[in-house]
Every structure is written in C-alpha cells, then in structure tokens.
Amino acid sequence: MTQFPVPKSRPAPRTGLPPAALAQVVLGVFLAGNLAVVVALFLTSGGGKNGTLTAAKLFGMLAALLMLTQLLLVSRLPWLDRRIGMDRMTAWHRWVGFALLWTILVHAFLVVLGYAVLDGATLARTFLALGSVPASLLGMAAAALVVAAAGFSARRLRRRVTYETWHRVHLLLYGSIGLAFVHQLLEPSAFQSSAPARAYWWLLWILAFGSVVAGRLVVPVRRNLLHRFRVAEVTPESDDVVSVRVTGRHLDRLPARAGQFFVWRFPGHHSWWWANPFSLSVAPGGESLRLSARVVGDATAGLRGLPVGTRAVLEGPYGALTLVHRSRPGVLYIAGGMGVTPIRSLLEEETGDDVTVIYRARSADDAVLLHEIRGLVSARDWRLYVFTGRSQDGVRPFEPTNLAAIVPDVASRDVYVCGPPAMTSGVLAALRALRVPRRQVHAEKFTLG
Ligand SMILES: Cc1cc2nc3c(=O)[nH]c(=O)nc-3n(C[C@H](O)[C@H](O)[C@H](O)COP(=O)(O)OP(=O)(O)OC[C@H]3O[C@@H](n4cnc5c(N)ncnc54)[C@H](O)[C@@H]3O)c2cc1C
C-alpha cells in the first residue's frame, strides 16, 4: 500500500468572519453602494420627455449596472473565487443574467411605448423609426444578443445542446456588452448628465473590463509563461479513469490548494477550444499537479493517449473547496463517484485527528483511487466508510437517519462534499435536516454554467 507522509504543520485556527462571508459582504456592499449611486444619479439628472421615458431611463441604468455585475462575476478574480467558489458565482451569474434580460426588455418596451405616446404613433411604427437611429439600433442589437444567450441558458434548451454550443452562444455576450457600451455612450442618459456622472460611469466600466482582462487573460497568461506546464505521466486508474500528472517550472510559486480545480488545455493534442475543468486529485506539493478523469466524451477519451512532454495550458486554480474554510475540530468528507478527486487531495492536506470519510460509488470497480484513500486514512487512524451498490437495492447512506447513525456528531463537524449533482443535492438536503449549520458545509458540484 502507498505510504503517505503526515503533514506536520497545523494551520492556525481561524478567527473573525469566515472568508466566504467576508467576500459576500464586500461584494454586497460594493453592489449596494453602486446601486445607491445609480439611483441618486437618476433622481438628480431630471426626467425624460414623459413619465414612461423617465421610467425607461431608470431601467436602462439598472441594466448597465447588472451588465457590469455580470462582468465582475465572470472575471474569475482569485480573491473572490477562492472565497466564494466558481460554482456559486456561476449560479449567481445565471440569476443576474435573467434579471438583466428582463430589465433590458422592460427598458426597450418603455422606450418604444414612451416615444409612441409622445409622437401619437403605433408601437410597430415607433419601433421601426427607432431602428433607424444608430444609438437605438446598437441597443436593439445588444438586447437581441442577450435574448439569444438567455434562450440557450433556459433549462429546457440547455439540456439539449452540447456544452460547446452553449459556450459559443454565450461568448456572443461580450459582443452584446460592447454594443451596449457604445449605446450608453451615444444616448443622453443620466450617466452623461454631468462631469462627475461621466467620471463615475467610465470608472465603473474600466473596473469591470479591467477585472475581466486581469482575471481571464493577464493572470492565466503570466502563470503559463512562468510555469510552462508539460505532461509528465499518464496512468490508467481503471478501464475508464485516467490520471495525468503535469510538471512545470517554479510550481512552488503556484498559489494552488488541495480541493481546487484548473481548466486544462492540451494544445497540439486537443483542439485549442477544448478546455475542460478537472480538480486536483493530489495536493499540489510544488513539484507537479495531477488530474484524474473519467472518460465521458471526446476530451476525456483523448487524455488516455496524451504523449509525455505535451504542452499543457492551465487556467486556475479556481474553487473554494479548500481547507481555508475549516472552522471545527472534527470534519466529515463525503465523496461520490469522480467527486473523490478533490476529496482525495484535501485528505492529503488535512492535519486534524477527528476525520471521517464516506466514499460512495456505484460498484467496487467504480471506486477509483480507493487504494490511495485507504492509504491516507490508515496513516492517520481516521475512519473510512465505503458504500457501493444501487440505492434501489437499499444502499442509502445519505438518508438523514442513516447519515446520523454513521456520524452521530455530524452537526458539530465541517462537512466537505463532492459528487454528482443529484447525490450532492441529496447530501445537502440531509445535512439541512440534521441541522448542520450552513457555514460548516462546503460543497462542489461538477457543473458550471
Ligand atoms: C469544477 C469541476 C471540476 C471537475 N473535476 C473533475 C474531475 O476531477 N474528474 C472528472 O472526471 N471530471 C471532472 N469534472 C467533469 C469534467 O469537466 C467533464 O466530465 C469533462 O469536461 C467532460 O468532457 P468531455 O469532452 O470528455 O465530455 P463531453 O461529452 O464533451 O462533456 C460531458 C459533460 O461535461 C461537461 N463539460 C464538458 N466540457 C466542459 C467545460 N469546459 N466546462 C464545464 N463543463 C464541461 C458538460 O456538462 C458536458 O455535458 C469537473 C467539472 C467541473 C465543473
């Protein structure tokens, strides 16, 4: 059995506000502050040509603020991502996206209605007339792109299209934001009503675009130029699971933690557009990084044939499933299926004594990396429960009564959960029923978007 060294250093106990709560407070205060400024600008800049156009103006300004919020949420700024987690930020991004859609639609409708009332014309004629004004036309085009992206994000359609199609349609939103930016520049909105209003508007846009450029471009490019990742080893773990180890220069300077994930590209082997998220399945020790993936489609199938030496381009580290959030002496780790990968790396970084691990897999063959989990658990005298078999046959460790029987003091522990979305949702529901405080629960679902 593999021998695992026991980590010596214990992290200092956390004091003050939990990191996730702190980041949410900072983000909340920032957004509320900006909302207050936008409303103040609206109230002090005078109304439109009639009541309807005044209301349209307010909705236009709110749409601009929501658009800037979207940019912040997808910027993947490390400070926010490490504390809140990309899965949660993506969920918020989805809801802000739908709020943006409705705000834009209401704004557009009120503009057409306002001018129709003003000119005594029909809605259709006013709509066509507005379409011949360049500033309005840009706004209409921006709105059309938002409607298209929202349509593809609606659950019913999202389930039918591939991730790649959905992602490409989503990229159109950058075009929409560009059009909306020029639309706001040309329209006589409250943002252009005075020098301080203009300065504020420019500052907001610079901040939002700057966050995206920094988080999505500058940080990843700098990291890849510094580390120059290469595939060092490809190991089959089972018939359909493969591990890939990547090395690089100065990996001790990479701020990655166990439990986090990267978006991996293997240009030269895969097309540049293939960028897949995989968690670290070994704690990043400064020498190499490892992913372990189940073959489910073309990109994961291609991992098996990766030649050693292939260049790897990594974006990340991302994700908040880290020990930064530990708050209790006892901890329960729950892994389901391939959700074992971040849990495996967290166990390596874990320094506590009171550790329980539950590993749920469909069958013994599906319990990948189990030998490594056993090695980590036995090196430290922790408890491990492995459940295999179908829930239809009565294997239901995550029903509240069963979970309470396995871990009677679960409510006093931190709980880390990673598994397929349905299992993770079931575990979260059980933890709620067992009154485990939310701040002690740390979960990662293998879904983005
Ligand atoms: C944060 C996170 C961590 C993950 N960690 C692991 C891991 O450690 N091990 C593992 O086996 N799997 C992991 N996954 C799932 C893994 O990313 C997908 O199984 C993989 O990308 C599938 O690619 P494919 O081309 O082989 O299959 P496809 O058939 O193309 O994709 C199958 C499904 O995977 C998802 N997917 C595909 N590409 C992406 C993408 N670029 N971004 C987000 N989702 C995508 C989509 O839901 C898609 O429907 C993780 C997913 C996320 C979001």
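Residues numbered from 1 in each chain as written. Predicted model: local features only at pLDDT ≥ 70, side-chain atom pairs only at ≥ 80, totals over all residues. Heavy atoms only, no water.

Draft legend 1. A look at helix H14 (residues 421-433). An ideal rise of 1.5 Å per residue puts 18 Å on 13 residues; H14 measures up with 18 Å between its terminal C-alpha atoms. Looking at H14, one finds that the buried residues are Met423, Thr424, Val427, Leu428, Ala430 and Leu431. Burial along H14 is one-sided: seen end-on, the buried residues are contained in an arc of 160°. When the buried face of H14 is taken as reference, the exposed residues oriented beyond 90 degrees from it are Ala422 and Arg432. Contact partners of the buried residues in H14: strand E7 (331-336), strand E8 (355-361), helix H13 (400-406), strand E10 (414-419) and strand E11 (441-445). Count one or two residues on from H14 and you reach arginine 435, which has phi positive near 60°. (Helix = DSSP H or I, 4+ residues; strand = E, 2+ residues; numbered from the N terminus. Expected span 1.5 Å × (residues − 1). Buried < 20%, exposed > 50% of the residue type's maximum accessible area, 1.4 Å probe, protein only. Arc of directions from axis to C-beta. Contact = heavy atoms within 4.5 Å.)

Draft legend 2. Focus on empty space enclosed by the protein. Applying the stated criterion across every chain, the model contains 3 cavities of 30 Å³ or more. The volume enclosed by the largest cavity comes to roughly 80 Å³. Around the largest cavity sit Phe30, Leu31, Asn34, Leu65, Leu68, Thr69, Leu72, Leu204, Leu207 and Ala208, which together line it. Secondary structure elements with two or more residues in the lining of the largest cavity: helix H1 (19-44), helix H2 (51-73) and helix H9 (195-227). Looking at which element gives the most residues to the lining of the largest cavity, the answer is H2, with 4 residues. Here the residues of the lining of the largest cavity are counted per class, giving 8 nonpolar, 2 polar and no charged. Approximately 60 Å³ is the volume attributed to the second largest cavity. (1 Å grid on protein atoms, 1.4 Å probe; cavity = no way out; pocket = protein on both sides within 12 Å on 5 of 7 lines; lining within 4 Å. Points joined across faces, edges and corners; volume = space filled by probe spheres on them. Nonpolar A, V, L, I, M, F, W, Y, C, P; charged D, E, K, R; others polar.)

Draft legend 3. Highlighting the pattern of salt bridges. Under the criterion given, the structure shown has 17 salt bridges. Through salt bridges with shared partners, a single ionic network connects Glu237, Arg290, Arg344, Glu348 and Glu372. (Salt bridge = Lys/Arg side-chain N within 4 Å of Asp/Glu carboxyl O.)

Draft legend 4. Just the packing of aromatic side chains, in detail. The final tally for this structure, using the stated rule, is 12 aromatic pairs. With centroids separated by 6.4 Å and ring planes inclined at 75°, the aromatic side chains of phenylalanine 181 and phenylalanine 209 adopt a geometry described as edge-to-face. Here phenylalanine 181 is found in helix H8 (residues 163-186), whereas its partner phenylalanine 209 is found in helix H9, with 28 residues between them in sequence. Note on phenylalanine 261 and tyrosine 318: the rings are 5.9 Å apart at their centroids and 55° apart in plane angle, and the pair reads as tilted. Linking phenylalanine 261 in strand E3 (residues 261-265) with tyrosine 318 in strand E6 (residues 313-318), this pair joins segments that are 57 residues apart in sequence. A residue is classified by how much of its surface remains accessible, and tyrosine 318, at 3% relative accessible area, is buried. (Phe/Tyr/Trp six-rings, centres within 6.5 Å; stacked < 30°, edge-to-face > 60°.)

Draft legend 5. Looking closely at the side chain of arginine 294. Position of arginine 294 relative to the elements: it lies in strand E5 (residues 288-294). Residues in contact with arginine 294, not counting those within four places in the same chain, are Asp240, Val241, Thr300, Met338 and Asp366.

Draft legend 6. Representation of the sheet that holds strand E2 (residues 241-247) within the structure. Strand order across the open sheet formed by 3 strands is E1-E2-E5, with antiparallel pairing between neighbours. Looking along the sheet, the strands with just one partner apiece sit at the ends: strand E1 (230-238) and E5. Within the sheet, the average angular offset between the axes of one strand and its neighbour, ignoring direction, is 20°. Taken together, the 7 bridges between E1 and E2 define a ladder with antiparallel strand orientation. Bridging across to E2, serine 238 finds its partner in valine 241. (Pairing = 2+ DSSP bridges. Axes fitted to C-alpha atoms, helices over the stretch in contact; angles between N-to-C directions.)

Draft legend 7. Expanded view of the pairing of E2. Buried residues dominate E2, accounting for 5 of its 7 residues. Adjacent in sequence and paired antiparallel, E1 and E2 are bridged by 2 residues. Pairing between E2 and E5: 7 bridges, direction antiparallel. Considered in E5, the bridge of serine 243 is made with serine 292.

Draft legend 8. Representation of the packing of helix H11 (residues 340-349) against helix H12 (residues 370-379) within the structure. Closest axis-to-axis distance for the H11/H12 pair is 10 Å, and the angle between their directions is 25°. Taken together, the axes of H11 and H12 lie roughly parallel to each other. In the packing of H11 onto H12, the handedness of the crossing is left-handed. Facing H11, whose interface residues are Val340, Arg344, Leu347 and Glu348, H12 presents Glu372, Ile373 and Leu376. Residue composition of the contact of H11 with H12, grouped by class: 4 nonpolar, no polar and 3 charged. (Parallel < 35°, antiparallel > 145°, perpendicular 65-115°, else oblique. Left-handed = near helix turned anticlockwise from the far one by under 90°.)

Draft legend 9. Here's a closer look at the layout of surface pockets. By volume, the second largest pocket amounts to about 950 Å³. Around the second largest pocket, the lining comprises 37 residues; the ones closest to its centre are Ala56, His107, Val111, His183 and Glu187. Elements with a contribution of two residues or more to the lining of the second largest pocket: H2, helix H4 (86-119), helix H5 (123-131), helix H6 (134-153) and H8. Per-class residue counts for the lining of the second largest pocket are 25 nonpolar, 9 polar and 3 charged.

Draft legend 10. How the structure looks around unusual backbone geometry. A cis amide bond links glycine 316 with the next residue in sequence, proline 317, at an omega value of 5°. Assignment of secondary structure puts proline 317 in strand E6. Even without a glycine there, the phi angle at aspartate 381 is positive, about 65°. Relative to the helices and strands, aspartate 381 resides in the loop between H12 and strand E9 (383-388).

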